[in-house]
Amino acid sequence: MQPNSQPCTGHPQESHQPLTGHPQESHGVCESTALGPGQRGRAGSGHVCGGAPSSAGPIKAARPAGQERGPGCSAAVLPRPGSGRTPRPMEIPLKSLPGGRAAVSGNMMTQSDLDLKEMALKEDLKFYFMNPCEKYRARGQIPWKLALQVLKILMVTTQLVFFGLSNQLVVSFKEENTVAFKHLFLKGYSGTDEDDYSCSIYTQQDAYDSIFYVINQYRNLKNISLGTLGYEHEESGLKICKQQYKKGTMLPSNDTLNIDVSTETECILLKPKELTGKKAELKLNSSFFNLEFYRLIQVEISFKLKGIALQTIHARELPDCYAFQNTITFNNRAHSGKIKVYFGSDTEIQECKDWHIFNSVLQKNTQYILVFDGFVILSCLASLILCTRSIVLAWRLQKRFVHFFLEKHKRRVCYADRLEFLNGWYVLVIISDVMTIIGSILKMEIKAKNLTSYDVCSILLGTSTLFVWVGVIRYLGYFQTYNVLILTMQASLPKVLRFCCCAGMIYLGYTFCGWIVLGPYHEKFEDLNTVAECLFSLVNGDDMFATFAQIQEKSSLVWMFSRLYLYSFISLFIYMILSLFIALITDSYDTIKKYQQSGFPATDLHEFLKDHSSAGYRKDRTSLPLICCCRRQQSDDNLILIN
């Protein structure tokens, strides 16, 4: 070829044609120049012939993906002047690009893989944030967790009702026996306790009479008691201990005091057999019962009784055996001329060692309840496994999203978007399932009379049932009308906590001030716990007049201070702090309502899913909203799904 470019006229008689991949075209300008390897393929040089047709083929800038490329070198086909033809797309040979065909093909494959990965991730994210009904309509996935939660609510609530009825019998038996013991062993007991103590005595003779009254009642217990009570065993008995200061002298008339403040304790044990014999009189007349009240601190009488609760038989339950550890304390620590008498009873439920019940269906009823508790454990275990699996899969999906977002956009996902993958309801369900399983095991042992931990079992079953019912809000939250409560609590919680921290400082200040100033003059301010409860009642508008009226007017200064104290507290907390507290929640509610009308603020996760359509999901399946019994198609089995 000549060094200078020769125009290709495009006539049919020309022996050479432009290598554009379209041999039938006969018009255009073909420019052939002897160039070096580094200069070949420069744009704007007209037509560059690379010799023999390349096997790789040219790239057309406007050629659709997947269309077969023509052989030969690329050409910039220009129209003839005045021909009115539009220019054809420029084609560049793959060999003339850096790296050749492999680099371009690798870049195209990488971009294609990235697009496929993005599409699959968007579909999985879209599916993850669907509610159970949408998941079923999209992929035919049956909402097993929803059905299991509904079943579990019914079973756990039924279990709690049965246990509550049984526990109610236990509580009533304890309370009735405690009242009976007070009437049996406290002389002059009127049936009404005085504040935190049962009764009080004011003379020495009343003190002696009360002590010997307990001894006589204990000795004649089997003859006077109406209940099924008995002594623990023959070696146990009535233990009497007195605590007093060591020897000293005290002359109040001369304001003289000479006493050793170190204490000494003496005890005596009266067994049931000894109380019926001659030895009982010797012990009762001993010097132990000569009390020196000026140095006496307290006298404590303790004894243990046993009883059997037969009322459970009427409820088709096995009876329980009880051990009552009773303590009567004559408190003279104040030496004020008034001895306060306290009665305490610690009840312990024990396993009956040998029992036989005839003509009853108690054993069969117990077996049925144990089987039901076993089903409750299995349902909670299945729920625990499903929710734990969902959390693990959500964590894996979060890692995929974070990794892809970092790979494509070169920045990390914000913390709020990461928390979107942590489903707090699943965590609540897992905690509830664990507590229900442990509580059900304890309940089965209690029912079989192997354990007596009623309090621990009550706490576990009660708290788990609370969490189960609270978890129902999750499914109501799928409806916009019911979701307002959840969103408002979620939005207002941080502001409310910060507000409560500030208000709590003021509350504690009033608590300490009221305790130290009004404590000697008002019974509701005697200790810190009572002061806190009294102030909380005032905030809620409870018992206001009684709090004002019960302050003793012994000191005019304290009386004036009490008025200033109470008026300032009520005005500050009711009219200002409580109103601001309500305003915070109202503000969050208004914000949520505006978001529901105009849309919530978009995050990176929302923007990522905004343009994704759910056309890939099946919409042709007709299904009932409450019945999900269809199987998934096999085409969905290869997808990574999050339940």
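Thresholds, definitions, all that
- Residues numbered from 1 in each chain as written.
- Predicted model: local features only at pLDDT ≥ 70, side-chain atom pairs only at ≥ 80, totals over all residues.
- Heavy atoms only, no water.
- Helix = DSSP H or I, 4+ residues; strand = E, 2+ residues; numbered from the N terminus.
- Buried < 20%, exposed > 50% of the residue type's maximum accessible area, 1.4 Å probe, protein only.
- Contact = heavy atoms within 4.5 Å.
- Areas by Shrake-Rupley, 256 points an atom, 1.4 Å probe, with all protein chains shown as cover.
- Core = buried A, V, L, I, M, F, W, Y, C linked by side-chain atoms within 4.5 Å.
- Pairing = 2+ DSSP bridges.
- Disulfide = S-S within 2.5 Å.
- pLDDT = per-residue confidence, 0-100.
- Salt bridge = Lys/Arg side-chain N within 4 Å of Asp/Glu carboxyl O.
- Axes fitted to C-alpha atoms, helices over the stretch in contact; angles between N-to-C directions.
- Nonpolar A, V, L, I, M, F, W, Y, C, P; charged D, E, K, R; others polar.
- Expected span 1.5 Å × (residues − 1).
- Patch = residues over 30% accessible without salt bridge, like charges linked within 9 Å, V, L, I, M, F, W, Y side chains within 5 Å.

This part is about the overall build of the protein. What the protein contains, in helices and strands, is 16 helices and 11 strands. The buried share of the protein, taken over its 643 residues, is 37%. A fraction of 70% describes how many contacts in the protein between residues 6 or more apart in sequence connect residues 24 or more apart. Surface summary for the protein: the accessible area is close to 38,400 Å², and the carbon and sulfur share equals 59%.

On to the nonpolar core. A general feature of soluble globular proteins is that nonpolar side chains tend to end up buried together. Membership of the largest hydrophobic core comes to 50 residues, with the highest contact counts inside it found for F185, I240, I301, I328 and F330. If sequence neighbours within four positions are ignored, I240 has contacts with I215, E266, C267, I268, L270, F288, F289, V299, E300 and I301. Counting residues in each nonpolar core, the second largest holds 21 residues, with C534, L538, V539 and I570 among its members.

Among all residues except glycine, the phi angle is most often negative; among peptide bonds, the trans geometry is most common. A positive phi angle, near 50°, is found at H335, a position not held by glycine. Checked against the element boundaries, H335 lands in the loop between β10 (320-331) and β11 (339-350). Here D543, not a glycine, exhibits a phi torsion of approximately 60°, which is positive. When you line up the elements, D543 lands in the loop between α13 (528-539) and α14 (544-549).

All right, on to the pairing of strand β5 (residues 238-245) then. With respect to burial, β5 is a largely interior element, six of its eight residues being buried. When β5 meets strand β8 (residues 263-270), the two strands line up antiparallel, connected through eight bridges. Across the sheet, residue Y245 finds its bridge partner in β8, namely T263. Here β5 pairs with strand β9 (residues 296-309) via six bridges, running antiparallel. Looking at β9, one finds that Q243 is bridged to Q298.

Per the counting criterion, the structure on display carries one disulfide. The disulfide partner of C241 is C267, and the S-S distance across this bridge is 2.0 Å. The sign of the 110° torsion about the S-S bond sets the C241-C267 disulfide as right-handed. With C241 in strand β5 and C267 in strand β8, the pair connects residues that are 26 residues apart, well separated along the chain. By relative accessible area, C241 is classed as buried at 13%. With relative accessibility at 42%, the residue C267 sits in the partly exposed group.

On the secondary structure map, L378 appears in helix α8 (residues 362-409). Taking the C-alpha atoms as reference points, L378 and K152, 226 residues apart in sequence, are found 9.9 Å from one another.

Our focus in this paragraph is the confidence of the model for the protein. Chain-level pLDDT for the protein is 75 on average; 73% of the residues reach the 70-or-more range. By mean pLDDT, strand β1 (residues 58-60) is the weakest element of the protein at 38, and α13 is the strongest at 91. Below pLDDT 50 for its whole length, residues 1-104 participates in 119 contacts with residues either more than four positions away or in separate chains. In the model, residues 614-643 has pLDDT below 50 throughout and makes 58 contacts with residues more than four positions away in sequence or in other chains.

With the rule as written, the count across this model stands at eight salt bridges. Residue K182 is joined to D193 by a salt bridge in which the shortest nitrogen-to-oxygen separation is 2.8 Å. In this pair, K182 sits in helix α3 (residues 144-185) while D193 sits in the loop between α3 and β3 (199-201), placing the two residues 11 residues apart along the sequence. On the basis of relative accessibility, which here comes to 10%, the residue K182 falls in the buried class. Looking at D193, the relative accessible area reads 35%, which means it is partly exposed. A salt bridge links E264 to R295, with the nearest nitrogen and oxygen atoms 3.4 Å apart.

Below, the discussion takes up the packing of α3 against helix α4 (residues 204-219). How two helices sit against one another is set out by the angle between their axes and by the gap between those axes. Closest axis-to-axis distance for the α3/α4 pair is 9 Å, and the angle between their directions is 115°. Residues H183, L184 and F185 of α3 pack against Y213, V214, Q217 and Y218 of α4. Among the residues forming the contact of α3 with α4, the class breakdown is five nonpolar, two polar and no charged.

Over its 23 residues, helix α11 (residues 454-476) extends 34 Å from the first C-alpha to the last, a length consistent with the 33 Å expected when each residue adds 1.5 Å. The inward-facing, buried residues of α11 abut α2 (132-139), α3, β10, β11 and α10 (424-447).

As a further point, take the environment of L397. Along the polypeptide, L397 turns up in helix α8. Remark: the alpha-carbon pair of L397 and Y128, spanning 269 residues in sequence, is separated by 9.0 Å.

Turning our attention to a nonpolar patch on the surface. Judged by side-chain polarity, M505, I506, L508, F512, W515, I516 and L528 come together as a nonpolar surface patch covering roughly 670 Å² of accessible area. Ranked by residue count, the leading element in the nonpolar patch is helix α12 (residues 483-518), at six residues. Secondary-structure assignment places I506 in helix α12. On the basis of relative accessible area, I506 is assigned to the partly exposed category, the value being 35%.

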